[in-house]
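# Fold and contact review
Letter by letter, the chains look like this.
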Amino acid sequence: MQERHDAPLAPLTTFRLGGPATRLITAVTDAEVIDAVREADASGTPLLIIGGGSNLVISDKGFEGTALRIATTGFDLQGTRLELAAGENWSDAVARTVEAGLAGIECMAGIPGSAGATPIQNVGAYGQDVSATITEVVAYDRRSGDTVVVPNAECAFSYRHSRFKEDPTRYVVLRVRFELEDAGGLSAPLKYPETARVLGVEAGDRVPAARARETVLKLRAGKGMVLDPQDHDTWSAGSFFTNPVLTAAEHTAFLTRVAERLGPDVAPPAFPAGDGLVKTSAAWLIDRAGFTKGYGSGPARISTKHTLALTNRGEATTEDLLALAREVRDGVHEAFGVTLVNEPVTVGVSL
């Protein structure tokens, strides 16, 4: 276990933003993770868990307490059953499952971050999310002091949400277990229209899993959502806002605002979200509210490739980023009456 004091946290995040931590511990085994958590809890020291840093917005002042970087490793594939240590690189793990001819997570290729973060956020992209393949999550329960196994049915998965996100100070994810599909090297049925269209097939069709993965990587790269140290359009947390999920009444009011602002023939994206709910596109809202690609004149701007990504152009501070995020959120609300919610976790700051 490695320990540093007054340690910079910005290099550990994809935004490359944030001040130092009082203490930074890097744990490479589950036992080290548990020991560090127990020590912090016993002493009453504030604790910040860091995985791949792809979903964190940290205050410019940094973090007064212990930052625990989980750098555990472990990729165990037995037939169609996969167990990943929390510190495993997610995108690399996806590639390895595709190489093994398995389906189920191939359309989540290129998502930055670590495996341990995936159940917390119910990570997903291009028609797949991890709740469809996760069987169990092994976690340290800070309340009981025990290591527990949480089956899928008890994870309370929903859109970009879970039991672990609902109670962020209780669980520390150690390992994630998946059940994948052996479809003879083919992908899972494609659900996302854009992916199917680019591949020249219909929604519901299967294609070689490797081809699906490569297509998703190209789509993500075209939107600045594959990490590249030389490309400031990737100095982001990917999608900064979640897609709004509206009740029937909220959706009706939203359509009225759209018609008033853009005309009666404009139809915003709408997707069934269960129980009478409708999900619409945050990227569409941002663009139609006037925040187009490349918007901004300061060191924090909207990506030139995708309106849903807010980026650090190299000299930004966290406050620069938050000022832009608030401007976008408030502008969308003024235009359409919909309040966008940030997807990244904020540390020492709030939107």
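The notes below deal with the structure included here. Values in this document were obtained by computation on a predicted structure and should not be read as measured data. (Residues numbered from 1 in each chain as written. Predicted model: local features only at pLDDT ≥ 70, side-chain atom pairs only at ≥ 80, totals over all residues. Heavy atoms only, no water.)

Now for the packing of aromatic side chains. Overall, the coordinates contain nine aromatic pairs when judged by the stated rule. Residues Phe164 and Tyr171 carry aromatic rings whose centres are separated by 5.5 Å and whose planes lie at 85° to one another, so their mutual orientation is edge-to-face. By the burial criterion, Phe164 is buried, and Tyr171 matches it. Plain terms: the ring middles of Phe254 and Trp284 are 6.4 Å apart, the flat faces sit at 85° to each other, and that makes the pair edge-to-face. (Phe/Tyr/Trp six-rings, centres within 6.5 Å; stacked < 30°, edge-to-face > 60°. Buried < 20%, exposed > 50% of the residue type's maximum accessible area, 1.4 Å probe, protein only.)

Bringing the environment of Pro46 into the picture now. Take Pro46: it is sitting in the loop between helix 1 (30–43) and strand 3 (47–50). Residue Pro46 is classed as partly exposed on the basis of its relative accessible area of 42%. In the structure, Pro46 is positioned 18 residues away from Glu64 in sequence and 7.1 Å away in space, judged by C-alpha atoms. (Helix = DSSP H or I, 4+ residues; strand = E, 2+ residues; numbered from the N terminus.)

A separate point is the environment of Ala31. Take Ala31: it is sitting in helix 1. Considered as a pair, Ala31 and Thr45 are 14 residues apart in the sequence and their alpha carbons are 19 Å apart.

Turning our attention to empty space enclosed by the protein. For the coordinates displayed, the defined rule picks out one cavity of 30 Å³ or more. A volume near 40 Å³ is recorded for the largest cavity. Lining the largest cavity are Pro112, Gly224, Met225, Val226, Leu227, Thr234, Ser236 and Gly238. Broken down by class, the residue content of the lining of the largest cavity amounts to four nonpolar, four polar and no charged. (1 Å grid on protein atoms, 1.4 Å probe; cavity = no way out; pocket = protein on both sides within 12 Å on 5 of 7 lines; lining within 4 Å. Points joined across faces, edges and corners; volume = space filled by probe spheres on them. Nonpolar A, V, L, I, M, F, W, Y, C, P; charged D, E, K, R; others polar.)

Now for the layout of surface pockets. Where empty space is left in the structure can be found by rolling a water-sized probe over the atoms. Computed from the structure, the second largest pocket encloses a volume of approximately 470 Å³. Around the second largest pocket sit 25 residues that line it, and Thr14, Gly52, Asn89, Gly113 and Leu227 are the ones nearest its centre. Its residues assigned to classes, the lining of the second largest pocket shows eleven nonpolar, eleven polar and three charged.

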